[in-house]
Amino acid sequence: MSYGYNGRVLQINLTNKQVEFIKLEDKFYRKYFGGACLAAYFLLKYLKPNTDPLSENNLLIFSTSPITGVDCPGTAMHNVVTKSPLTNGVGESTTPGFMGEMIKKAGFDAIIIKGKSEKPCFITITGDDIKILDADNLWGLCTSDAYNLLSKNEGLKDHSIALIGPAGERLVRFASIITDNCFLSSRCGVGAVMGSKNLKALCVKGQKNIAVYNDKKLQDLSLYFKNNFLSNPLNKNQHGRASNAGYLRMLSEQGMLSAKNFHFSSFDGSEKIDGFTITDKYPPDNINCANCTGGCKKKIPGLKDIGLNPDFGLIELESLAATSYNLLVDDMESTLKLWNMICDYGIDGTSLGNVLGYAVECYENGLISPDQTMGLSLKWGDPQTMLKLTRMIVERKSIGNILAEGVSIASAHIKGSKSMAMHVKGMELPFHEPRIKQMLGLGYAVSPIGPYYTVVEHDTDFDFNADRLFMDKVAPLTVYDRLKADSLSHQKVRMFFLLQPAFSMLDALCACIFAFSPVRFFDFQHLVDIVNTVTGWESSLFELIKIGEKRINMYKLFALRENSEEDMLPERIFEPIENGPLEGLKIDKQQFMEARQLYYQLAGWDQEGKPSYHKLLELDLTDFINK
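Conventions and cut-offs
- Throughout this description, residue numbers start from 1 for each chain and increase along the sequence as written.
- Per-residue local features are limited, in this predicted model, to residues with pLDDT of at least 70; the limit for side-chain atom pairs, both in listing and counting, is 80 or more; totals at the level of whole chains, interfaces and linings are taken over all residues.
- Values reported for side chains reflect all heavy atoms of the structure, with hydrogen atoms and water molecules removed beforehand.
- A helix here means a DSSP run of H or I that spans at least four residues, while a strand means a run of E at least two residues long, and both kinds are numbered starting from the N terminus.
- Only C-alpha atoms enter the radius of gyration, while the globule expectation follows 2.2 Å times N to the 0.38, with N the number of residues.
- Burial classification: accessible surface area is computed with a 1.4 Å probe over protein chains only, and a residue below 20% of its type maximum counts as buried, one above 50% as exposed, and the rest as partly exposed.
- We call two residues in contact whenever any of their non-hydrogen atoms come within 4.5 Å of each other.
- Calculation of accessible area relied on Shrake-Rupley with a 1.4 Å probe; when residues are assessed, cover is drawn exclusively from the protein chains displayed.
- Two rings belonging to Phe, Tyr or Trp (six-membered ring only in the last case) form a pair when the distance between their centres is within 6.5 Å. Interplanar angles under 30 degrees mark stacking, angles over 60 mark edge-to-face geometry, and anything in between is tilted.
- Only when the NZ of Lys or the CZ of Arg is both within 6 Å of the ring centre and within 35 degrees of the ring normal is a charge said to sit over the ring.
- By this rule the span expected of a helix is its residue count minus one, scaled by 1.5 Å.
- Inter-axis angles, ranging from 0 to 180 degrees, are taken between N-to-C directions of lines fitted to C-alpha atoms, where helices are fitted over the stretch in contact.
- When an angle is under 35 degrees it counts as roughly parallel; over 145 it counts as roughly antiparallel; between 65 and 115 it counts as roughly perpendicular; any other value is oblique.
- For any helix crossing, the convention is left-handed if the near helix is rotated counterclockwise from the far helix by under a right angle, and right-handed if that rotation is clockwise.
- Under the grouping applied here, Gly and all other residues not named as nonpolar or charged are polar, the nonpolar ones being Ala, Val, Leu, Ile, Met, Phe, Trp, Tyr, Cys and Pro and the charged ones Asp, Glu, Lys and Arg.
- The pairing criterion for strands is at least two bridges between them, as found by DSSP.
- Residue types Ala, Val, Leu, Ile, Met, Phe, Trp, Tyr and Cys, when buried and joined through side-chain atoms within 4.5 Å, form a set referred to as a nonpolar core.
- Any carboxyl oxygen of Asp or Glu that lies within 4 Å of a side-chain nitrogen of Lys or Arg is treated as forming a salt bridge with it.

1. Some points on the overall build of the protein chain
Part 1: Within the protein chain, the secondary structure is distributed over 24 helices and 16 strands.
Part 2: Taken over the C-alpha trace, the protein chain has a radius of gyration of 23 Å; the compact-globule value for 627 residues is 25 Å, and the two agree within 12%.
Part 3: C-alpha atoms of the protein chain, sized along the principal axes, occupy 65 × 60 × 50 Å.
Part 4: When each of the 627 residues of the protein chain is scored for burial, the buried share is 67%.
Part 5: Put simply, 68% of the contacts in the protein chain that link residues at least 6 apart link residues at least 24 apart.
Part 6: Here the protein chain has roughly 21900 Å² of accessible surface; of this, 47% comes from carbon and sulfur atoms.

2. Brief notes about the packing of aromatic side chains
Part 1: One pass over the full model with this rule turns up 25 aromatic pairs.
Part 2: Here the aromatic rings of Tyr 32 and Tyr 41 are separated by 5.3 Å at their centres, their planes lie at 50 degrees, and the arrangement is tilted. Residues Tyr 32 and Tyr 41 agree in their burial class; the two are buried.
Part 3: Three or more aromatic residues joined by ring pairs make a cluster, and in this case those are Tyr 5, Phe 28, Tyr 29, Tyr 32, Phe 33, Tyr 41, Phe 42, Tyr 46, Trp 537 and Phe 624.
Part 4: It is Lys 550 that lies over the ring of Tyr 32; its NZ or CZ is 5.2 Å from the centre.

3. Things to note about helix α2 (residues 35-46)
Part 1: Taking 1.5 Å as the rise per residue, α2 with 12 residues should run 16 Å; its terminal C-alpha atoms sit 17 Å apart, in good agreement.
Part 2: Counting buried positions along α2 yields 10 of 12 residues, so the element is predominantly enclosed.

4. Brief notes about the packing of helix α18 (residues 438-446) against helix α23 (residues 589-603)
A pair of packed helices is captured by two measures, namely the crossing angle of their axes and the spacing between those axes.
Part 1: Look at α18 against α23: their axes get within 11 Å of each other, and the N-to-C directions meet at 65 degrees. Of the possible angle classes, the one that applies to α18 and α23 is roughly perpendicular. Both α18 and α23 take part in a crossing whose hand is right-handed. Residues Leu 442, Ala 445 and Val 446 of α18 lie in contact with α23, whose contacting residues are Phe 592, Ala 595, Arg 596, Tyr 599 and Tyr 600.
Part 2: Residues that form the contact of α18 with α23 fall into these classes: 7 nonpolar, no polar and 1 charged.

5. Looking at the pairing of strand β7 (residues 121-126)
Part 1: Where burial is concerned, most of β7 is hidden: 5 out of the 6 residues are buried.
Part 2: Where β7 and strand β8 (residues 129-134) come together, 6 bridges link them in antiparallel fashion. The residue of β8 that forms the bridge with Thr 124 is Lys 131.
Part 3: Linkage of β7 to β8, two consecutive antiparallel strands, is achieved through a turn of 2 residues, within which Gly 127 is found at a positive phi near 65 degrees.
Part 4: Pairing of β7 with strand β12 (residues 199-205), which is carried by 6 bridges, proceeds in the parallel orientation.

6. Some thoughts on the sheet that holds β12
Part 1: Read from one edge of the open sheet, 6 strands run β8-β7-β12-β9-β10-β11, paired in mixed fashion. In this open sheet, the two edge strands, each paired with only one partner strand, are β8 and β11 (183-185). Direction aside, the axes of adjacent strands within the sheet are offset by 15 degrees on average.
Part 2: With 2 bridges joining them, strand β9 (residues 160-163) and strand β10 (residues 177-179) adopt antiparallel strand pairing. Paired with Ala 162 across the strands is Thr 179, a residue of β10.

7. Some details on the nonpolar core
Part 1: In terms of nonpolar packing, the biggest core is built from 215 residues, with Phe 62, Ile 111, Ile 125, Ile 393 and Tyr 599 touching the most fellow members.
Part 2: Per-element tally for this core: the top contributor is helix α20 (residues 490-508), with 11 residues.
Part 3: Not counting residues within four places of it along the chain, the set of residues in contact with Ile 125 comprises Leu 10, Ile 12, Ala 106, Phe 108, Ile 111, Ile 130, His 159, Leu 202, Cys 203, Val 204 and Lys 205.
Part 4: Core analysis: the second largest hydrophobic core is formed by 11 residues, Ala 146, Tyr 147, Ile 161 and Cys 203 among them.

8. Examining the pattern of salt bridges
Note that side chains of opposite charge can pair when their charged atoms are close.
Part 1: What the rule picks out here adds up to 37 salt bridges.
Part 2: Note that Lys 281 and Glu 333 form a salt bridge whose closest N and O atoms lie 3.9 Å from each other. Linking Lys 281 in helix α11 (residues 275-281) with Glu 333 in helix α13 (residues 332-345), this pair joins segments that are 52 residues apart in sequence.
Part 3: The class for Lys 281 is partly exposed, based on a relative accessible area of 48%.
Part 4: By relative accessible area, which is 29% here, Glu 333 ends up partly exposed.
Part 5: Measuring nitrogen to oxygen at the nearest pair gives 4.0 Å for the salt bridge that ties Asp 486 to Lys 484.
Part 6: Beyond isolated ion pairs, a larger network of salt bridges with shared partners links Lys 546, Glu 549, Lys 615 and Glu 618.

9. Thoughts on unusual backbone geometry
Part 1: Across the junction of Ser 517 and Pro 518, the peptide omega takes the value 25 degrees, indicating a cis bond.
Part 2: Mapping Pro 518 onto the fold places it in the loop between α20 and α21 (524-535).
Part 3: Positive phi, close to 65 degrees, is recorded for Phe 33, a residue that is not glycine.
Part 4: Assignment of secondary structure puts Phe 33 in the loop between α1 (26-32) and α2.

10. Some details on the sheet that holds strand β1 (residues 8-13)
Part 1: In space, the 6 strands of this open sheet follow the order β2-β1-β6-β3-β4-β5, with mixed pairing throughout. The outermost strands of the open sheet, each flanked by one partner alone, are β2 (18-23) and β5 (90-95). Across this sheet, the average inter-strand angle for adjacent strands is 15 degrees, counted without regard to direction.

As structure tokens, then:
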């Protein structure tokens, strides 16, 4: 008997309405573990090279791992994986909530959606009962209105519902997917791919039990987390009333977040929009993911009083930093309205904030005219203009039509603006400042899927101010020494090489980064114990780290196959920060280039960043050479 997985993948072809059940052998799960590697396998094997990401031939994959959905905290994630319309490489958005559990309990380990419906449609899955239904009455609706209509349908009671909004329908290249009116699949333009298939919603309900090898031990691990997870300082903050938005003011005071399109790294108005300031005025309620008590998401009932959807919850740090802090906006209500638009339109807040900052800088330099903005005067610190410009982007009106393509493509249309387009491989940079967190900056560059703030645990968790607990947690990776954050020494590159697969394995296993090491409550041995307790295997940290490496290398093979852009940071990151406590700090470009080459050598890649045969042999990936 197999434990933790179903051995089946559901494939739905929207073009011909055919449904196929793909059986996978036990060996497949031990080799790829499911999750991100399962999705990468199908992309590499079945997606033809140079496929247009917004064509009907692209694959949209909702994948889970053997530990997804089991009764244990930190196992509620699922991956949404596709070919990204921003990078042309793999697009991955790891998503919390209940969808992963529902997919597993419906009897599947992944759902692959291919083709394109002739008319707008939505899919319902209740076990093996799969329907493709007409969505004419949903198309054009914002996510909250569409969710309300679907969730009130008696036939969809207790389904988990993943939706796109108008941004996805209009193929905004950084559109997102909103699940259950709360949980976001934000990055890489996964919502645009869903829209390109004329798919408005995916609704899944599962009722079967997930077979677990040792249920008693899993219950013990779950109880241990519930009783002790607040002993971890980061979990305590994450569980607090302001969640990760409560870090904004502190990070601003330390110069840790980029602002004004990466000219600044501090903003005097941050206190007015900090998560604690918001929750002082609008007290929150905790939202838990499936089988978890972490309460990382926050519902804000009081937002209903100002005409906003309380279920979207408290704005997350990434979107807060991108769309208010970055734009020098210190008005709380405008910040909350923009968050409401991000969720209702279905758009990635990180990319949106980057695009808006790019547009303001272009306007300031005369590269965008008032005629193109429909008379809007674009300037820093003007929230009403930012709200209006966001609508123009979603509606693809005037300059919004160009900005909807993302900063990389937009900069090819707006002459003289390339230096203002802050992206790597076509995807907009997150706003955790890479000039102070230089290991993270290296990660932004070499990540095959583009710049993610979760490509590696941040430098400041292992510098000379970090909690001793964090150093103890990463010691099993042979990381023993504290290192300066603003460094790209050889030892820092070694630290990055050892830490990167640790985060990658969490994505491969659909494990929550707010529950597990490198620095959260469950340590690496707990993760190994959970995998073994669920599956009955005798896994090890070595095996799981190799799964993390496998994910990175599979994604790299796909990026190389699709001619993704090189591993390089924007030139502005090699220029000094212009204000704040870290004014004058920059990444030395020559040191970065040397660090990149050293990383390639450690990773088993050649000078151009191509995985060597012996590295692919080690990871059992030689089947994908030249494919």
